[in-house]
Amino acid sequence: MNEKTILTAEGIFYSYDKKNPVLKGVDIKVFKNEILTLYGPSGSGKSTLIYILGGLLTQDAGKILYNIDDKKKKIGFVFQNYNMLNELTVFENCKVAQNIRSFDDDRQIFDYADKIGITDILYRYPTELSVGQLQRSAVLRSICGPVELVFCDEPTGSLDSENKKNVFELFFQLKEYVAFFVVSHDEVSKKYADRVLNMSDGIIL
Amino acid sequence: MTNKRFTDKAVFSLVKGFIKKSRKSFKFPTIAIAIGVWGLIVITSVVNGFDRLLIDSITRFYPHITVAGKSDLYFSGVKEKMFFNLDNSMVAFNGSFEYVQLMDCDDMSFLGSSVISGQPENGAAIGKELSEYLNVSLGDELTVFKIKGIIPIAKKYKVVSLFKTGVYIFDSKFLVINDKDSVKNFTAYYFEDPLKAGEYKNKYFSYSPAYTWKESNKTLTQTVEIDGLIALLITVFIVLMAGFSVSNSITFSILTRKKEIGILKSLGMKNIDIQKVFISESLIISVVGYLLGLVGGMLTVTMLDFFKIKIPSGIFYVDYLPVSLNLSITASSFFIITGIVVFISFLTTRMISGIDTLEALKDE
C-alpha cells in the first residue's frame, strides 16, 4: 500500500436482506489529506459504502486494508442530521470524542474551533444552535483527537446553499489535517473535491 | 494517560451531562429507592425497638442465669447474685384471687429500676397489672397460698412495692416476696451484659443444671427471632424493589436514549464503556435515593422516639411505640442495595451490545 494511501478496499459486496446486493464489488482507495467525493443518486449505495469503510457495518465479501493503526481512534463521522449529544455542550461533545479516541487536549479543540469559526458557541448546547452552527460543530467533533479520516454522509443535505458552501470550504481548510470522504448527491460537493467518484447501483463507475 | 483513564473521563463527562440535563427521568427511581429505604429504616427500627425493649424488660427482671442449688461462684461480669425459690401459688385480696408465680428471694434489690413505688424490702412486691387486677395498693395485706407437700399453707404479706417491667406476663403473674424463714433452692445471677449469659453458662455452669434467661423465656425470645426474620424479609423485598425500579428506569433510559448510544458507538466507544455510563447513573440514583431515605428514616425514627406514639397496652407489652435504629441493617442495606442495583444494571445494560448503530442513529 502506498504511504499516501489511508485505506484500500477491494471487491466489497453488501446486501441488507441477503438477496438484493446494495454494493456489487466496490474497489476504492482513499489518500491522505484529500477531499474525496463520492457522488451519486439516492439509493446507489454511497452511504452503505462509507458505513462499511468506517466500521459501522461489516461487508459480506471483500477486504479493506487500513494504513492507520487503531482505526477506531482515527476515523470520524459527520452525519446529515449532525448527531450531536444534546445533553453536552459543543466543547463537551468534542472532549468526549477526544477521550473516546484516547486523546485529551483542550488546545486542539480551541484551535480547530477557531479555524471553523465557532469559538463563540463552544459552551452552548446543540439545542441552542442553528443548523449551520450544528453542522460546523459536528465537523469539529469529528476531527477532535488523532483523527486522520472523516467520513461525511450527506453533510449538507439539510443546509441552505450558503451553508453548503461554508461546509465544503471548511473541509477544504481542514484537509491539511485530515482526509474527507464525502458522500453526496449535491453538485456543490464536486467543486471542492480533489477527486470525484461516481456511483450508481452499487458500482463505482 | 492510559486508555482506561481516557475512557473513564468520557464516561464521567457523559454521566454528568446526562444527569444535569435529564434530571426529571432520574426523579422516579430515586424517589422509589428513597421511599423503600425510608420504610426499611422505620419498620426495622420499630421491630428493633420492640425487640430491645422486650430483651431489656426480661433481663431487668428475670435472672440472667438460674442455677439449681446454692452456688457460691462469683466471677467478673456478675452484677448481682441472689438465692430464690419459684413456685406456683395463689394470691388473694378482698375476695379476689389470682394464680401467680411466687418468687421468694433473699434480696429484692434486683427489682431496682422496675420499681414504680415503695421500697422492695421485707414484704411483697407486686406487678402493676396484678395490683390493678386485685385492686391492691401499697400497705395492703395479701394472702399467699403455697402448697407444702399436700398441705396448703396461707401466709400474709404486706405490699411494700409496685413494679412494672414492661413485660405483661411478669407484671400480671409475678409476686416477689422476701421470706427470711424459707430455704432457697436456686441461685440467680445478673450480669453486666445479659447477652453474655450463654457464654457464661458454657464457661462456668456446664456441669450444673442451669438455665439462661433465653431458655427460661423461650416464647418471648422466639418473638425476637421471628421479628428478626420479618426485618430480613422486609429488607429483601425493599432491596428487590429498588433493584427492579432501577432496572426498569435503565431499560426506559436505554430505549429513550438509543440515538445517544448510536452516537457514542459511531464515535468508537465500546459497548462495555457505554454500559458503564448507565451503570454509573444507576449507582448515583441508588446512592442519592439511599441518602434521602436515610435522612427521612432517621428523622421519622427521631420523631417517633420523641413523641412516644401511644399503642394499646393490652395487645402489646408496652403502651407506646418503641423505636431503636437498627444500625447493622441500615448500614448493610446500603451495600446490598447498591450491589444489587449495579448487578441488575449490568444485566439490563447488556442489551446495549444488541443495539444496531445505524438503526440507533436514525432514532428520534
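Please read these numbers as outputs of a predicted model, since none were measured by experiment.

Some words on the overall build of chain A
What chain A contains, in helices and strands, is 7 helices and 9 strands. The C-alpha radius of gyration of chain A comes to 16 Å, within 12% of the 17 Å expected for a compact globule of 205 residues. In terms of principal-axis extent, the alpha carbons of chain A reach across some 45 × 35 × 30 Å. Burial analysis of chain A (205 residues in total) assigns 58% to the buried set. Within chain A, contacts between residues separated by at least 24 positions form 73% of all contacts whose residues are at least 6 apart in sequence.

A word on a nonpolar patch on the surface
Together, Leu229(B), Leu232(B), Leu233(B), Val236(B), Phe237(B), Leu240(B) and Phe244(B) give the surface a local cluster of nonpolar side chains, amounting to about 710 Å² of exposed area. Secondary-structure assignment places Val236(B) in helix α7 (residues 218-256).

A word on the nonpolar core
Core analysis: the biggest nonpolar cluster contains 76 residues, and Ile28(A), Leu49(A) and Phe181(A) have the highest contact counts within it. If you tally residues by element for this core, the top one is helix α9 (residues 271-307) of chain B, at 8 residues. Residues within four places of Ile28(A) in sequence aside, it is in contact with Leu7(A), Thr8(A), Ala9(A), Leu36(A), Leu49(A), Leu53(A), Phe181(A), Leu197(A) and Ile204(A).

Quick word on unusual backbone geometry
For Lys18(A), which is not a glycine, the phi torsion comes out positive at approximately 65°. The backbone of Asn122(B) sits at a positive phi, close to 45°, despite the residue not being glycine. Inspection of the secondary structure assignment puts Asn122(B) in the loop between β4 (115-118) and β5 (124-127). Residue class for Asn122(B) comes out exposed when judged on its relative accessible area of 54%.

Quick look at the interface of chain B and chain A
If you look at the interface, chain B gives 26 residues, while chain A gives 25 residues. Looking only at chain B, the three residues that lose the most surface to chain A are Phe6(B), Leu267(B) and Leu358(B), adding up to 28% of its buried area. Inspection of the region where chain B meets chain A yields 1 salt bridge. A salt bridge links Asp104(A) to Lys9(B); the shortest N-O distance between them is 2.4 Å. Looking at which element gives the most residues to the side of chain B that touches chain A, the answer is helix α1 (residues 3-21) of chain B, with 11 residues. For the side of chain B that touches chain A, the residue count by class is 11 nonpolar, 8 polar and 7 charged.

Observations regarding the packing of aromatic side chains
Scanning all chains against the criterion turns up 31 aromatic pairs over all chains. Judged by centre distance (6.0 Å) and plane angle (10°), the ring pair of Phe168(A) and Tyr192(A) falls under stacked. Separated by 24 residues along the polypeptide, Phe168(A) in helix α6 (residues 161-174) and Tyr192(A) in helix α7 (residues 188-192) bring together distant segments of the chain. Tyr192(A) gets classed as buried once you look at its relative accessible area, which sits at 11%. Three or more aromatic residues joined by ring pairs form one cluster here, namely Phe61(B), Tyr62(B), Phe110(B), Phe163(B), Phe170(B), Phe174(B) and Tyr190(B). Directly above the aromatic system of Phe83(B) lies the positively charged group of Lys70(B), at a separation of 4.8 Å from the ring centroid.

Rules behind the numbers
- Residues numbered from 1 in each chain as written.
- Chains lettered and ligands numbered in written order.
- Predicted model: local features only at pLDDT ≥ 70, side-chain atom pairs only at ≥ 80, totals over all residues.
- Heavy atoms only, no water.
- Helix = DSSP H or I, 4+ residues; strand = E, 2+ residues; numbered from the N terminus.
- Rg over C-alpha atoms; globule rule 2.2 N^0.38 Å.
- Buried < 20%, exposed > 50% of the residue type's maximum accessible area, 1.4 Å probe, protein only.
- Contact = heavy atoms within 4.5 Å.
- Patch = residues over 30% accessible without salt bridge, like charges linked within 9 Å, V, L, I, M, F, W, Y side chains within 5 Å.
- Areas by Shrake-Rupley, 256 points an atom, 1.4 Å probe, with all protein chains shown as cover.
- Salt bridge = Lys/Arg side-chain N within 4 Å of Asp/Glu carboxyl O.
- Core = buried A, V, L, I, M, F, W, Y, C linked by side-chain atoms within 4.5 Å.
- Buried area = accessible area lost by both parts, 1.4 Å probe.
- Nonpolar A, V, L, I, M, F, W, Y, C, P; charged D, E, K, R; others polar.
- Phe/Tyr/Trp six-rings, centres within 6.5 Å; stacked < 30°, edge-to-face > 60°.
- Lys NZ or Arg CZ within 6 Å of the ring centre and 35° of its normal.

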